[in-house]
Each structure stands twice: as structure tokens, then as C-alpha cells.
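# Secondary and tertiary structure notes
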Amino acid sequence: MIKKIIALMMMVMMSFSIITSIPAAHAEEKSAETIYQERLALYKDMEAITQVPWYWLAGVDTYEKGLRRARKDRDSADGVINIYFSPKEWAGPLNPDLNSDNPSAIALFDGIGLDGNGNGKASLKEDADVLYTFANYLSDYGYDDDNIQIGLWEYYHRDQAVNIITGHARIYKKYGRIDLDDEHAFPVPLNYNYSYRSTWGDSRGWGGRRIHEGTDIFADYRTPVRATSYGIVELKGWNKFGGWRLGIRDLSNTYHYYAHLSGFEDEIETGDIVAPGDVIGYVGSSGYGKPGTEGKFPPHLHYGMYRDNGYSEWSFDPYPSLKSWEQRERSN
Ligand SMILES: [Zn+2]
């Protein structure tokens, strides 16, 4: 009952603040900074209403943003919130009007959609409604990390979805802000000698898969290797082809794969949070044999990038990203 009253009070407050502060503009017309501010404000408003910590909502929303980017069957979001509900889920599968925003009709047909800003409509086009609907779903499971993870598993039925969202949430909680996904570093420091060209998709190369799933950056032994984004160390260890290798999952759900290292930076462990520019290991020529095998090819960093669509992962060409990170860093 108390929760309901607080929710109602918050909704009334929010509907005023939304009406007075947000002009009728589309997401693409807003600056990146404004979008981050609006998102964070919405996450925090929903935490106040539902008690689900804002960084969990941010983690889910960012995961869903990555899914929209990776999937052809989902358009980019209308507003600043990226959580996706199909019209059928939202309005209820048997609802004769799948575009309904009538909360009682939606409830009657077992739709998930709720009115989050107290304007009497439960609209898929309103950020507050979409975010409130997801937060309210999670709050049924509880408010601590374990219960939220159970709620997420019940929603996505996929361990990797829970892992990725948990990673995002931990990063947002640690830094206390969400404008982190545009910050990048080139994988080797620019003042070292290195060279690379576009080699993704080549049939030959030191990658160990059917096609070469990455870009080889040639550099001397022991050249530092750095995280290129904010992320979580998802994998660390030996692989027959990749040698000493390490994988980082970033806030776009993209997996960054570093192979043939001569060794890892001390104290880097699976589960660690890394920031762009953090040293994670050193260039080497490890791989193609039992653990410790080295020197079967010139030293280089094999750098791969993999996108996740919620079901599977696939390699895409890291070369354009590497070029833009390098250029941006040079101009700083
Ligand atoms: Zn390679």
C-alpha cells in the first residue's frame, strides 16, 4: 500500500516535470549529452518509484540498446529508453487493438504495458511508461542483486543476457554515470612502434578460425596492450590457437578479443572492470601449441570484435573502429 502511494505521488511529480521540462523533440535532434541526462534522470525516477536500483535499469536498457543495433527486426528506439516490447507483449496477445494505450484494456488482455508517468495512458511510445513497465516487472522479484538476476533470467531465459546486464550494472554503479560508451583508446599506446592493415576476412592469417576474425597489429614483444572501452574481463587464459588471450565485454555488448599475448598485466582477473587505456597485457607470439608455446610467428596482437544479438555472436571487422580510435586519440 505504501509503495502504491509513493508510486502515485512520484507519478504526479514526474508528470509535472515532464510536461514543463521536456519540449516535444525527437531523440535524433537532441545532443548526446542531453540524451544521457534524460536517461539517467528516468532511471533515477524509476528507482524512486519501484526501488529497483538505477544502475540495474541502466544495465538492462544498455543491453537492449545493443540488441536493437545488432538485430534487423528491431528499429532504433523512438525515445531515449531502448527497452523493447513487441506490440503483442505490450497490449496483450488477444487485444483486438495492438496499438492500445488504454491501461485497463491492456490489463484485461494480459498485456505487460503500464502507465509510468500518470497521464492515464500506457504507451509504448513514452519512455517513462516503457521503463516503469520493466522496473515494475523486476520489482516483483525483489531489490537485491540476486533477486534481480533471477528476474532477469526469467525474462530473457539466457545466462549470457544476465551476465552482460550484470556487467553493465556493475560498471554504472562503480562510475555513477552512464556517458561511458563513447570513450575509447587504441589497443597499443601510440608512441610505440606498430603497424596494421585491414585483414579481417582474409583466408590466411593467425586467427585459427575459418576466416581471419580480427585485425593483426604488429608490434614488438612486451608492447603494452590496453582496454579499448569500459568493460568487464569476461575471459582470460590459454587457447590452443589464440595462446594467452583475454576477452572484454563492453557497454554495447560487444566482445573484444585479444590473442597471442606474451602475458597478462598483474592482477587482471576475470570479472574485473576495465576503463579505456588500462593495460591488460603485453604483445607476444603465443599460441599454436600447448600452453606456453611461443615464437611460431612474428609478435602481434590479434584483435577481434564480436557482436551479440541476444541469441548468438558473430565477428565483425574491427578495422574501422581501430582507425577511428587511433585518429581520435592522435587529435587529443
Ligand atoms: Zn590475427
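Just so it is clear, the structure is predicted and the values come from calculations on it, not from any experiment.

Moving on, we get to the overall build of the protein. A count of helices and strands for the protein gives 9 helices and 10 strands. In the protein, buried positions account for 42% of the 332 residues.

Turning next to the confidence of the model for the protein. Residues shown with low pLDDT carry predicted positions that ought not to be read at fine detail. For the protein, mean pLDDT is 91; residues scoring 70 or higher make up 89% of the total. Confidence over residues 18–25 falls short of pLDDT 50; this stretch has 3 contacts with residues more than four positions distant or in other chains.

Turning our attention to unusual backbone geometry. The phi torsion of most residues other than glycine is negative, and most of the peptide bonds are trans. For His 157, which is not glycine, the phi dihedral falls at a positive 50°. Relative to the helices and strands, His 157 is located in the loop between helix 7 (145–156) and helix 8 (159–175). For His 157, a count of 9 C-beta atoms within 10 Å translates into the label exposed. Of note, Glu 267 is a non-glycine position whose phi angle comes to about 75°, a positive value. Inspection of the secondary structure puts Glu 267 in the loop between strand 6 (255–264) and strand 7 (273–274). In this structure Glu 267 comes out as exposed when scored by C-beta crowding, with 6 C-beta atoms within 10 Å.

For the rest of this paragraph, the subject is the nonpolar core. Membership of the largest hydrophobic core comes to 43 residues, with the highest contact counts inside it found for Met 46, Leu 57, Ala 58, Leu 131, Ala 135 and Ile 165. Those elements that place two or more of their residues in this core are helix 2 (32–50), helix 3 (54–70), helix 4 (87–91), helix 6 (127–139), helix 7 and helix 8. Looking at this core element by element, the count peaks at 9 residues for helix 3. Ignoring anything within four residues of it in the chain, the contact list for Ile 165 reads Gly 59, Val 60, Tyr 63 and Leu 152. In this structure, Val 233, Ile 248, Tyr 255 and Ala 259 belong to the second largest nonpolar core, which totals 25 residues.

Further remarks concern the packing of helix 3 against helix 8. One can describe the packing of helix 3 onto helix 8 by two numbers: an axis separation of 8 Å at closest approach and a directional angle of 130°. Comparing the axis directions of helix 3 and helix 8 gives the class oblique. Crossing handedness for the pair helix 3 and helix 8: right-handed. Residues Tyr 55, Trp 56, Ala 58, Gly 59, Val 60, Thr 62 and Tyr 63 of helix 3 form the contact with helix 8, whose own contacting residues are Ala 161, Ile 164, Ile 165, Thr 166, His 168, Ala 169, Tyr 172 and Lys 173. Considered class by class, the residues forming the contact of helix 3 with helix 8 number 10 nonpolar, 4 polar and 1 charged.

Okay, helix 3 next. Over its 17 residues, helix 3 extends 24 Å from the first C-alpha to the last, a length consistent with the 24 Å expected when each residue adds 1.5 Å. In terms of burial, helix 3 is a largely internal element, 15 of the 17 residues being buried.

Below, the discussion takes up the packing of helix 7 against helix 8. Contact geometry of helix 7 with helix 8 gives a least axis separation of 9 Å together with a crossing angle of 135°. Put simply, helix 7 runs oblique to helix 8. Regarding helix 7 and helix 8, the two cross each other, and that crossing is right-handed. When helix 7 is examined against helix 8, the residues Gln 149, Leu 152, Trp 153 and Tyr 156 are found in contact with a partner set consisting of Ala 161, Val 162, Ile 165 and Thr 166. Class assignment of the residues belonging to the contact of helix 7 with helix 8 gives a composition of 6 nonpolar, 2 polar and no charged.

Further remarks concern the environment of Lys 296. Relative to the elements of secondary structure, Lys 296 occurs in the loop between strand 8 (279–283) and strand 9 (300–308). For Lys 296, a count of 13 C-beta atoms within 10 Å gives the class partly exposed. Non-local contacts of Lys 296, meaning those with residues more than four positions away in its chain, are made with Ser 285 and Tyr 288.

Extensive coverage of strand 6 is indicated by the burial of 8 of its 10 residues. Bridge count between strand 5 (residues 243–250) and strand 6: 5 bridges; the pairing is antiparallel. Following the sheet pairing, Trp 244 is matched in strand 6 by Leu 261. In sequence, strand 5 turns back onto strand 6 through a hairpin of 4 residues, with Asn 253 there showing a positive phi of about 70°. Pairing analysis gives 5 bridges linking strand 6 to strand 9, with the strands arranged antiparallel. Residue pairing across strands places His 256 opposite Met 305, the latter belonging to strand 9. Pairing of strand 6 with strand 8 involves 3 bridges; the strand directions are antiparallel. Bridging from a neighbouring strand, Gly 263 pairs with Tyr 282 of strand 8.

Once that is clear, we can look at the pairing of strand 5. Both faces of the sheet carry side chains from a regular strand, because those side chains alternate between them. Summarising burial for strand 5: 8 of the 8 residues are buried, a large majority. One ladder, built from 8 bridges, connects strand 4 (residues 231–239) with strand 5; its direction is antiparallel. Bridging across to strand 5, Asn 239 finds its partner in Gly 243. Once strand 4 ends, the chain turns through 3 residues before running back antiparallel as strand 5.

The rules behind each value
Residues numbered from 1 in each chain as written. Predicted model: local features only at pLDDT ≥ 70, side-chain atom pairs only at ≥ 80, totals over all residues. Helix = DSSP H or I, 4+ residues; strand = E, 2+ residues; numbered from the N terminus. Buried ≥ 20, exposed ≤ 12 C-beta atoms within 10 Å, placed from the backbone. pLDDT = per-residue confidence, 0-100. Contact = placed C-beta atoms within 7 Å. Core = buried A, V, L, I, M, F, W, Y, C linked by C-beta atoms within 7 Å. Axes fitted to C-alpha atoms, helices over the stretch in contact; angles between N-to-C directions. Parallel < 35°, antiparallel > 145°, perpendicular 65-115°, else oblique. Left-handed = near helix turned anticlockwise from the far one by under 90°. Nonpolar A, V, L, I, M, F, W, Y, C, P; charged D, E, K, R; others polar. Expected span 1.5 Å × (residues − 1). Pairing = 2+ DSSP bridges.

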